[in-house]
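Structure at a glance
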Amino acid sequence: MTATSAETAPAELDTNTRELLRRKSIENRIAVLDQVEVSGSGHYGPAFSCMEILVSLYYGYLRLRPDEPAWQDRDRFVLSKGHACSALYPILADLDFFGREHLDDFCRLGSILGDHPDMKKVPGIDFSSGSLGHGLSIAVGMAEGARLRGIGNRVVALLGDGELGEGQVWEAAAHAGARRISRLLAFVDVNGVSVDGTTAEILATEPITERFESFGWRSERIDGHDHDALRAALARYDAERLRPDGRPTVIVADTVVGRGVPFIEGLSEWHVGYFAGIDRQRAEDGIRGMFDSADTLGKTERTAR
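Values in this document were obtained by computation on a predicted structure and should not be read as measured data. Along each chain, the written sequence defines residue order, and numbers are assigned to residues from 1. Under the rules for a predicted model, residues below a pLDDT of 70 receive no local features and side-chain atom pairs below 80 are neither given nor counted, while totals for whole chains, interfaces and linings still include all residues. The basis for the side-chain values is all heavy atoms of the structure; hydrogens and waters are excluded.

What follows is about the packing of helix α1 (residues 15-39) against helix α4 (residues 85-94). Angles here are taken between N-to-C directions and fall from 0 to 180 degrees, while the axes themselves are lines fitted to C-alpha atoms, restricted in helices to the stretch in contact. Secondary structure elements are defined from DSSP: runs of H or I of at least 4 residues count as helices, runs of E of at least 2 residues count as strands, and each element is numbered from the N terminus. Across the interface, α1 lies against α4 with an axial gap of 8 Å and an inter-helix angle of 115°. As α1 runs across α4, the sense of the crossing is right-handed. Taking contact as the criterion, the partners of K24, N28, A31, V32 and Q35 in α1 are, on α4, S86, A87, Y89, P90, I91 and D94. Here the nonpolar group is Ala, Val, Leu, Ile, Met, Phe, Trp, Tyr, Cys and Pro; Asp, Glu, Lys and Arg are the charged ones; every other residue, Gly included, is treated as polar. Counted by class, the contact of α1 with α4 contains 6 nonpolar, 3 polar and 2 charged residues. Crossing chirality is assigned from the near helix's rotation relative to the far helix, an anticlockwise turn below a right angle marking it left-handed and a clockwise turn marking it right-handed. In what follows, a contact means two residues having at least one pair of non-hydrogen atoms within 4.5 Å.

Below, the structure is given as structure tokens:
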């Protein structure tokens, strides 16, 4: 499959596109299961919480050329929560950035696909992320560089809510707001947990939208597992970035960690793990049926923030 692109996102999804995005969300989750089976351990929780965000971006939105990964005018994507790369690798392989056979060597010695993405090894990766809190700063730099070179691309960063505790995130947010970098879009994957427990217990970061707004950003909050809501939010971002007085945009996406696998949804204990035997089949069964219900936020009800 080759990547498609759009100058601006359509305001509404047609039936075929909605079904494509749902199918890709399922297929790429199962690919994550396969990768972790190779490595013996992996980040199921944070990979599954951001899958719909990644699918909404990569299938028909971001302007990319898989046969020319370094194309100067491409949109840039920064996976600031780099530990969720097992969700991104199958998408890049599906879009022909590299062969699918590389997924079978995930995290093995000599593989190009590590537990965090390496931009020098993996075609389609724009930043080697891993240490949390740096991604938004990198995205700001990319956006400023594109402005200076006269390139009209978009720059998108995906952060986890846990990394909002890093001061560097807010330094970058302040700069972007003050400079009105309207081509910059930040997603915050608010799955409510990190490796050490809930984000509310470790360091409360709410109200996220109001915090970004205080730095001059346009913000909105949506269901991060709803493809219709995601693409509509992207359309509103496109409208904002094209305004003469546009601002950077943050889309705060409420998600469920481990979404698609009912027995791990919402549990910080499954930030990293491994499914074996019957649990592997139970996980796949849950994933295959995850869009059978209209409840896109999953079966686990999160504590109100």
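Structurally, the position occupied by F263 is in the loop between β7 (249-254) and α10 (278-288). The spacing of F263 and G60 is 203 residues in sequence and 32 Å in space, taken between C-alpha atoms. In this structure, F263 is in contact with F275, D279, R282 and A283, ignoring residues within four places of it in sequence.

Moving on: the pairing of strand β3 (residues 184-190). Moving residue by residue along a regular strand, the side chains alternate between the two faces of the sheet. Most of β3 is tucked away, with 7 of its 7 residues classed as buried. For the exposure calls, accessible area comes from a 1.4 Å probe over protein chains only, and a residue counts as buried if that area is under 20% of its type's maximum, exposed if over 50%, partly exposed in between. Burial of β3 is two-sided: the residues L184, A186, V188 and V190 facing one way and the residues L185, F187 and D189 facing the other way are all buried. One requirement defines pairing of two strands: DSSP has to find at least two bridges between them. Looking at chain direction, strand β2 (residues 155-160) and β3 are connected through 6 bridges and run parallel. Residue pairing in the sheet places V155 in a bridge with L184 of β3. Orient the strands so they point away from the viewer, and a crossover whose first-strand-to-second-strand path over the helix runs clockwise is right-handed. Following the backbone out of β2, through helix α6 (residues 167-178) and into the adjacent parallel β3, one traces a crossover that is right-handed.

With respect to the element layout, D223 can be found in strand β6 (residues 218-223). Buried charge without a salt bridge: D223, with R259 as the nearest opposite-charge side chain at an N-O distance of 7.0 Å. In protein, a polar contact means a hydrogen-donor-capable atom and an acceptor-capable atom, both N or O and within 3.5 Å, with residues adjacent in sequence counting only if both atoms are side-chain atoms; elsewhere, any N or O pair within 3.5 Å suffices. Within the structure, D223 has its side chain in polar contact with the backbone nitrogen of H225 (distance 2.9 Å). Under the convention used here, Asp and Glu are negative, Lys and Arg are positive, and both His and the chain ends fall outside the count. Throughout this description, the term salt bridge denotes a Lys or Arg side-chain nitrogen within 4 Å of a carboxyl oxygen of Asp or Glu.

This part is about the pairing of β2. The buried fraction of β2 is high, at 6 of 6 residues. What you see with β2 is no split at all: V155, A157 and L159 on one side and V156, L158 and G160 on the other are buried throughout.

Attention now goes to the packing of aromatic side chains. The criterion for an aromatic pair is that two Phe, Tyr or Trp rings (for Trp, the six-membered ring) have centres within 6.5 Å, with stacked assigned to planes under 30 degrees apart, edge-to-face to planes over 60 apart and tilted to the rest. Within this structure, the stated rule accounts for 11 aromatic pairs. Their ring planes at 15° and their centres at 4.0 Å tell us that Y44 and F275 sit as a pair that is stacked. Separated by 231 residues along the polypeptide, Y44 in helix α2 (residues 44-49) and F275 in the loop between β7 and α10 bring together distant segments of the chain. The class for Y44 is buried, based on a relative accessible area of 1%. Relative to F106, the ring of Y89 lies with its centre 6.1 Å away and its plane at 70°, an arrangement referred to as edge-to-face. Taken together, the residues span a long stretch of sequence, with Y89 in helix α4 and F106 in the loop between α4 and α5 (135-149) at a distance of 17 residues. Residue class for Y89 comes out buried when judged on its relative accessible area of 0%. Site record: aromatic cluster; members linked through ring pairs are Y44, F48, F263, W270 and F275. Counting as a charge over the ring demands two things of the Lys NZ or Arg CZ atom: a distance within 6 Å of the ring centre and an angle within 35 degrees of the ring normal. The aromatic ring of Y61 is capped on one face by R154, whose charged end is 4.0 Å from the ring centroid.

Now for the pattern of salt bridges. Counted according to the given criterion, the structure contains 28 salt bridges. Here E37 makes a salt bridge to R280, at a shortest N to O gap of 3.2 Å. Residue E37 is found in helix α1, and its partner R280 is found in helix α10; the two are separated by 243 residues along the sequence. Overall, the relative accessible area of 41% leaves E37 in the partly exposed class.

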